[in-house]
Amino acid sequence: MSMFFTIAVIVLVFLIIFQIAKASEYVSVIKGEARARKEQNKVNGFLMIAFLIAGLIGVYLCNKALFPKTLLAHEAASVQGEKVDTMLWMTLIITGTVFFITQILLFWFNFKYQESDKRKSYYFTHSNKLELLWTAVPAIAMTGLVVFGLKNWYSFTGPAPKEALQVEITGKQFGWIFRYPGIDKTFGKKYYKLIDDANSNSLGQDWKDSKNFDDVVVSQTMYCVKNKPVQLVIYSRDVIHDVGLSEFRLKQDAVPGTPTTLWFTPKFTTKEMKEKLGNPDFQYEISCDQMCGNGHYSMKGVIEVVTQEEYDVWLAQQKPNYFAAFPDKDPSSQKPQLPAADSTKTTASVKAEAVKTKM
């Protein structure tokens, strides 16, 4: 109901403005063009002030109502995300200050310096000082923001700390596949022509490479450790995707045939974020931030941030993908063999031995 009322008020305001404009045209015909123009300028001047006040009130109300729903309402969930937030706030402060100053002056000048018989407007063709001012100042500000942004970008996409957990993430239409190195801490080789979903080889692992034998492959949910750097090695199986980590304030493209990297350090476990936000259903989400096809909307992954102890327990419960591709080689699936019976013994001799045992 409130939405309908708001729309009705907006429509009514526009109708009133339209009627005022039409009335001004009729007055200009009756009173003469010069006199009508002056009166119309006064009306426009007051409307400028009205729009300025209404606009500033609207900005305030929208910010008050919608800001709590944005990501900036709570802190970033990664150490690197804090730098992104700082950069974003700097950009908002600089551009916001310029926006408010210029818009207030724009509307105020239209009211203050409307046509008057008591003064003449001053006209000049060129000013080197003004040209230098409005060219140099924005250029310096933009250069500072770009340099700050590039510094952070190269930090996030550069070499990760030596102790970082490595996770390979591969995008496909329409989901995510994660691979963890095994005890050898090394990913085995893979080749796209070896991809075979039917035989549990969704990444095209080369089973001739023994380093693949202990690699763990999981789908849709990625596990990482609180306060431990995690490096993502990002691939795509088909088209361009984009690993979007909104809570961590990071993103990186997944490009077919060209691996990309990104690393960050989680600050809060998933459990802690649920308590922090008061949302028991909270999940760290991996979204695809690049339109990738009809099922793009459903391409969601989950990051589960846990403690080191919880991560060790989870990893110990995972089986290498090699055993999924070759279940007959899985030690846990092989039944122990019973000792073969001696076929040379007759039934009588067996009974005799049993009697001797009893005696």
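Please read these numbers as outputs of a predicted model, since none were measured by experiment.

So, how was this worked out
Residues numbered from 1 in each chain as written. Predicted model: local features only at pLDDT ≥ 70, side-chain atom pairs only at ≥ 80, totals over all residues. Heavy atoms only, no water. Helix = DSSP H or I, 4+ residues; strand = E, 2+ residues; numbered from the N terminus. Buried < 20%, exposed > 50% of the residue type's maximum accessible area, 1.4 Å probe, protein only. Contact = heavy atoms within 4.5 Å. Areas by Shrake-Rupley, 256 points an atom, 1.4 Å probe, with all protein chains shown as cover. Pairing = 2+ DSSP bridges. Axes fitted to C-alpha atoms, helices over the stretch in contact; angles between N-to-C directions. Salt bridge = Lys/Arg side-chain N within 4 Å of Asp/Glu carboxyl O. Core = buried A, V, L, I, M, F, W, Y, C linked by side-chain atoms within 4.5 Å. Expected span 1.5 Å × (residues − 1). pLDDT = per-residue confidence, 0-100. Parallel < 35°, antiparallel > 145°, perpendicular 65-115°, else oblique. Left-handed = near helix turned anticlockwise from the far one by under 90°. Nonpolar A, V, L, I, M, F, W, Y, C, P; charged D, E, K, R; others polar.

Asker: What is the right way to read the overall build of the protein chain from this model?
Answerer: For the protein chain, the helix and strand inventory stands at 8 helices and 10 strands. Going through the 359 residues of the protein chain one by one, you find that 29% of them count as buried. Sequence-distant contacts in the protein chain: of pairs separated by 6 or more residues, those separated by 24 or more amount to 68%. Entry remark: accessible area of the protein chain is about 24,100 Å², with carbon and sulfur atoms responsible for 64%.

Asker: Just checking my understanding: could you explain unusual backbone geometry for this structure?
Answerer: Leaving glycine out, the prevailing phi sign among residues is negative, and the prevailing peptide bond configuration is trans. Look at the link from Gln173 to Phe174: it is a cis peptide, with omega at 5°. Within the secondary structure, Phe174 is located in the loop between strand 1 (165–172) and strand 2 (175–180). One non-glycine residue, Lys185, adopts positive backbone phi at about 60°. Considering the arrangement of structural elements, one finds Lys185 in the loop between strand 2 and strand 3 (216–219). Phi angles above zero are rare outside glycine, and Asn227 is one such case at about 65°. The residue Asn227 is located in the loop between strand 4 (221–225) and strand 5 (230–236) in this model. Residue Asn227 is classed as exposed on the basis of its relative accessible area of 54%.

Asker: What exactly am I supposed to notice about the sheet that holds strand 3 here?
Answerer: Strands in a sheet are paired, the pairing made by backbone hydrogen bonds, and the direction either parallel or antiparallel. Pairing in this open sheet of 5 strands is mixed, and the strands run 3-2-1-5-8 from one edge to the other. Of all the strands in the sheet, just strand 3 and strand 8 (260–264) have a single pairing partner and so form its edges. Strand-to-strand twist in this sheet, taken as the mean axis angle between neighbours without regard to direction, amounts to 25°. Sheet topology places strand 1 next to strand 5; 7 bridges connect them, and they run parallel. Pairing of Gln166 across the sheet is with Gln231, part of strand 5.

Asker: So what exactly am I meant to see when it comes to the sheet that holds strand 10 (residues 300–306) here?
Answerer: Taken in spatial order, the 5 strands make up an open sheet running 4-10-9-6-7, and their pairing is mixed. The sheet is open, and its two borders are formed by strand 4 and strand 7 (250–254), each paired with just one other strand. For this sheet, the mean inter-axis angle between neighbouring strands, taken without regard to orientation, is 25°. One ladder, built from 2 bridges, connects strand 6 (residues 241–245) with strand 9 (residues 284–288); its direction is antiparallel.

Asker: Before we go on, may I ask you to explain the side chain of Asn152 in this structure?
Answerer: Note on placement: Asn152 falls in helix 4 (residues 128–157). Apart from residues no more than four positions distant in its own chain, Asn152 is found in contact with Lys83 and Met87.

Asker: How should I be thinking about the pattern of salt bridges in this particular structure?
Answerer: Pairing is possible between side chains of opposite charge, provided their charged atoms come close. Tallied over the entire structure, the rule returns 10 salt bridges. For Asp85, the salt bridge is made with Arg249, and the minimal N-O distance between the two is 2.8 Å. Of this pair, Asp85 sits in helix 3 (residues 79–112) while Arg249 sits in the loop between strand 6 and strand 7, placing them 164 residues apart in sequence. When sorted by exposure, Asp85 lands in the same class as Arg249, which is buried. A salt bridge links Asp215 to Arg179; the nearest nitrogen and oxygen atoms lie 3.0 Å apart. Here Arg179 lies in strand 2 and Asp215 lies in the loop between strand 2 and strand 3, a separation of 36 residues in the sequence. In the salt-bridge network here, residues are joined through shared partners; they are Glu75, Glu82, Lys267 and Lys276.

Asker: Would you explain the nonpolar core in this entry?
Answerer: Looking at soluble globular proteins, one finds that nonpolar side chains tend to be buried together. Core analysis: the biggest nonpolar cluster contains 37 residues, and Phe178, Tyr180, Leu232, Leu245, Tyr284 and Ile303 have the highest contact counts within it. If we ignore the near neighbours within four places in the chain, the residues touching Phe178 are Val167, Glu168, Ile169, Val216, Val217, Val218, Ser219, Gln220, Thr221, Met222 and Ile286.

Asker: Is there a simple way to think about the pairing of strand 6 in this case?
Answerer: In regular strands, side chains alternate between the two faces of the sheet. Of all the 5 residues making up strand 6, 5 are buried; the element is thus mostly covered by neighbouring parts of the structure. Burial along strand 6 is two-sided: the residues His241, Val243 and Leu245 and Asp242 and Gly244 are all buried. Note: strand 6 against strand 7, 5 bridges, orientation antiparallel. Bridge pairing links Val243 to Gln252 in strand 7. Between strand 6 and strand 7, which pair antiparallel and follow one another directly, the connecting turn spans 4 residues, one of which, Arg249, has a positive phi of 65°.

Asker: What is the right way to read helix 3 from this model?
Answerer: An α-helical turn contains 3.6 residues, so a residue and the one three or four places further along point in the same direction. For helix 3, which comprises 34 residues, the first-to-last C-alpha distance of 49 Å matches the rise-based estimate of 50 Å (1.5 Å per residue) to within 8%. For helix 3, the full list of buried residues reads Gln80, Gly81, Val84, Asp85, Gly96 and Phe107.

Asker: Please explain the confidence of the model for the protein chain as it appears in this structure.
Answerer: Per-residue confidence for the protein chain gives a mean pLDDT of 87; residues scoring 70 or more make up 89%. Low pLDDT (under 50) marks residues 343–359, which in the prediction has 2 contacts with non-local residues, meaning those over four places away or in another chain.

Asker: Help me understand the packing of helix 3 against helix 4, please; the structure alone is not making it clear to me.
Answerer: Two measures define how a pair of helices packs: the angle their axes make with one another and the distance between the axes. Two elements in contact, helix 3 and helix 4, have axes whose closest approach is 11 Å; the angle formed by their N-to-C orientations is 165°. Judged on the interaxial angle alone, helix 4 and helix 3 are roughly antiparallel. Relative to helix 4, helix 3 is oriented so that their crossing is left-handed. For the pair helix 3 and helix 4, contact is made by Gln80, Lys83, Val84, Thr86, Met87, Met90, Thr91 and Ile94 and by Leu145, Phe148, Gly149, Asn152, Ser155 and Phe156, respectively. The class makeup of the residues in the contact of helix 3 with helix 4 is 7 nonpolar, 6 polar and 1 charged.

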